[in-house]
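# Report on the structure
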Amino acid sequence: MSVDWIKPADRVQALPPYVFARLDELKARAREQGLDLIDLGMGNPDGATPAPIVDAAIEALQDQRNHGYPPFEGTGSFRKTIADWYYRRYNVQLDSEGEALPLIGSKEGLAHLAIAYINPGDLVLVPSPSYPAHFRGPLIAGGEIYSIPLSAKNDWLIDLGSIPDDVADRAKMLYFNYPNNPTGATAPREFFEEIVTWARRHEIVLVHDLCYAELAFDGYQPTSLLEIDGAKEIGVEFHTLSKTYNMAGWRVGFVVGNRHIIQGLRTLKTNLDYGIFSALQKAAETALNLPDHYLDDVQKRYSERRDFLIDRFAKLGWTVAKTKATMYLWIPCPPGMGSTDFALSVLQKTGVVLTPGNAFGEGGEGYVRLSLIADLDRLGTALDRLEQAGIRYA
Ligand SMILES: *Cc1c(COP(=O)(O)O)cnc(C)c1O
């Protein structure tokens, strides 16, 4: 007997469907039909976590002192490692006592920050396309979203001039992310300077997601929001170990920046969770202290894949932008084809899984995202299949 009086709360029912979940169903169906899937849809790095990190975790697991509840605010030693890492990388000083907070992956922090700060009806500015947690967190909080459309014409940068003054004055918070998922775009330092000045003038909390801090190529070094004068007074920045260190399943991230903003998030989280298993915080310290040659290897791996694919796509008539960072290619759909139709047709004809750009909001329509999460052999096979299926740009 079905019990039709059991219903999730409005805040859950009102959420637009999570496209990745729907993609999972389609993948399952394709697998049932016997297709060998090449899944370049998710942002899940394909390699193993580096051995020194795994070893540190094993050692920490065997230490009984790590077996109890971790401190709410994360271990002092991990927070200090975060502050030291930040100083080393960005020359920015942080107080590990209040300006750094470990998170169970950055996604929960990005979403919970909205719950901690957004009242029903508050206005939140979110670019479109964007990483889903940037708008889903505010939606769950009951916030009103003002979408800032990004476009190739403006190199996928936020055009601050396009936001009306009355909207900016009403807005409480702005989420943004460069190097960008899904577009792969990067933002020059001047952009960060402009957005800080603008946000201070309009009294808007800046939430920057720098989860691709180290997946940058060709000598490019991404800017941290906190490098900009005055940013720490109005902003926070999210980081993750998921991408750089192939640790997506471990769930380790952190937020740094303004202590009052972080305190609000911490208060909320104290009521919801106990943070990260202490043994994993130990392993995370090892990750942040790995020698630079490790990063060189990771960067080389992704940039080789990028170059290889851009070349192969060119042979099929595509001009794909050469991204200076992230693990994605942002690929225009053939003229006249929408994101969903194109991604579905590629999946059905070839078994290659791409993410329709509209999964990241209306602004992603007309594009698909390809994750560089397979080795060159497998990527080559994917492109062979596209070629055999006659899939071309035009
Ligand atoms: C992958 C990703 C994250 C989430 O990372 P976790 O720390 O694993 O939760 C956050 N933001 C963006 C833009 C991402 O691409």
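### Notes on the overall build of the protein
Helix and strand counts for the protein come out as 13 helices and twelve strands. For 394 residues, the compact-globule estimate of 2.2 N^0.38 gives 21 Å, and the C-alpha radius of gyration of the protein, at 21 Å, lies within 12% of that figure. Projected onto its principal axes, the C-alpha coordinates of the protein cover approximately 60 × 60 × 55 Å. With 39 positive and 50 negative side-chain charges, the protein shows a spacing of 3 Å between the two charge centroids.

### Side note on the sheet that holds strand 11 (residues 355-356)
Strands sit in the order 9-12-11 across an open sheet of three strands; the sheet is antiparallel. Of all strands in the sheet, those with a lone pairing partner are strand 9 (328-332) and strand 11, marking the two edges.

### Digging into the layout of surface pockets
A volume near 470 Å³ is recorded for the largest pocket. Residue lining of the largest pocket: 23 residues in total, with Met-42, Gly-43, Lys-107, Tyr-131 and Lys-243 positioned closest to the centre. The element contributing the most residues to the lining of the largest pocket is helix 5 (residues 106-117), with three residues. Along the lines of polarity and charge, the residues of the lining of the largest pocket split into eleven nonpolar, seven polar and five charged.

### Quick notes on empty space enclosed by the protein
In the structure shown here, the tally under the stated rule is five cavities of 30 Å³ or more. There is about 70 Å³ of room inside the largest cavity. Considering the residues around the largest cavity, the lining is formed by 13 residues, among which Trp-85, Glu-214, His-239, Thr-240 and Thr-244 are closest to the centre. For the lining of the largest cavity, the class distribution of residues is nine nonpolar, three polar and one charged.

### Let's talk about the site of the ligand
Close to the ligand lie 14 residues, the nearest being Asp-209, Tyr-212, Thr-240, Ser-242 and Lys-243. Between Asn-181 and the ligand, the recorded distance is 2.7 Å, taken from a side-chain N or O atom to an oxygen atom. In this structure the site holding the ligand corresponds to the largest pocket. At three residues, helix 5 tops the list of elements feeding residues into the shell around the ligand. When its residues are assigned to classes, the shell around the ligand shows four nonpolar, six polar and four charged.

### Here's the deal with the pairing of strand 12 (residues 367-371)
Taken across its five residues, strand 12 has five buried, putting it largely inside the fold. The alternating pattern of strand 12 places Tyr-367, Arg-369 and Ser-371 on one face and Val-368 and Leu-370 on the opposite face, and all of these are buried. Where strand 11 meets strand 12, two bridges bridge the pair, whose relative direction is antiparallel. When the sheet's bridge partners are listed, Thr-355 is paired in strand 12 with Arg-369.

### Brief notes about the packing of aromatic side chains
Following the criterion strictly, the structure yields 20 aromatic pairs and no others. Residues Trp-318 and Phe-342 carry aromatic rings whose centres are separated by 6.0 Å and whose planes lie at 45 degrees to one another, so their mutual orientation is tilted. Placement of the pair is Trp-318 in the loop between helix 11 (292-315) and strand 9 and Phe-342 in helix 12 (residues 339-350), with a sequence separation of 24 residues. Here Trp-318 matches Phe-342 in class, with each residue buried. Grouping aromatic residues by their ring pairs yields a cluster made of Phe-78, Trp-85, Tyr-86, Tyr-90 and Phe-254.

### Things to note about the pairing of strand 9
Successive residues of a regular strand alternate their side chains across the two faces of the sheet. Burial within strand 9 is extensive, with five of its five residues counted as buried. Here strand 9 shows no split at all, with Tyr-328, Trp-330 and Pro-332 on one side and Leu-329 and Ile-331 on the other all buried. Here strand 9 pairs with strand 12 via five bridges, running antiparallel. Counterpart to Tyr-328 in the pairing with strand 12 is Ser-371.

### What about the domain arrangement of the protein?
Each assigned domain of the protein is listed with its residue range as follows: domain 1 (10-48 + 293-388) and domain 2 (51-288). Of note, the centres of domain 1 and domain 2, computed from C-alpha atoms alone, are 25 Å apart. Counting residues at the interface gives 35 residues for domain 1 and 33 residues for domain 2. For the domain 1 and domain 2 pair, buried surface summed over both sides reaches about 2,900 Å², with 61% attributable to carbon and sulfur atoms. If you sort the residues of domain 1 by the area they bury against domain 2, Lys-324, Thr-326 and Phe-360 come out on top, with a joint share of 21%. On inspection of domain 1 and its partner domain 2, the count reaches one salt bridge. Note that Asp-218 is salt-bridged to Arg-306, the shortest N-O span being 3.1 Å.

Conventions adopted
Residues numbered from 1 in each chain as written. Predicted model: local features only at pLDDT ≥ 70, side-chain atom pairs only at ≥ 80, totals over all residues. Heavy atoms only, no water. Helix = DSSP H or I, 4+ residues; strand = E, 2+ residues; numbered from the N terminus. Rg over C-alpha atoms; globule rule 2.2 N^0.38 Å. Lys, Arg positive; Asp, Glu negative; His and termini not counted. Charge placed at Lys NZ, Arg CZ, Asp CG, Glu CD. Pairing = 2+ DSSP bridges. 1 Å grid on protein atoms, 1.4 Å probe; cavity = no way out; pocket = protein on both sides within 12 Å on 5 of 7 lines; lining within 4 Å. Points joined across faces, edges and corners; volume = space filled by probe spheres on them. Nonpolar A, V, L, I, M, F, W, Y, C, P; charged D, E, K, R; others polar. Near = heavy atom within 4 Å. Polar contact = N/O pair within 3.5 Å; in protein donor to acceptor, adjacent residues only side chain to side chain. Sits in = over half its atoms within 2 Å of the grid points. Buried < 20%, exposed > 50% of the residue type's maximum accessible area, 1.4 Å probe, protein only. Phe/Tyr/Trp six-rings, centres within 6.5 Å; stacked < 30°, edge-to-face > 60°. Domains from an automatic or database assignment. Contact = heavy atoms within 4.5 Å. Buried area = accessible area lost by both parts, 1.4 Å probe. Salt bridge = Lys/Arg side-chain N within 4 Å of Asp/Glu carboxyl O.

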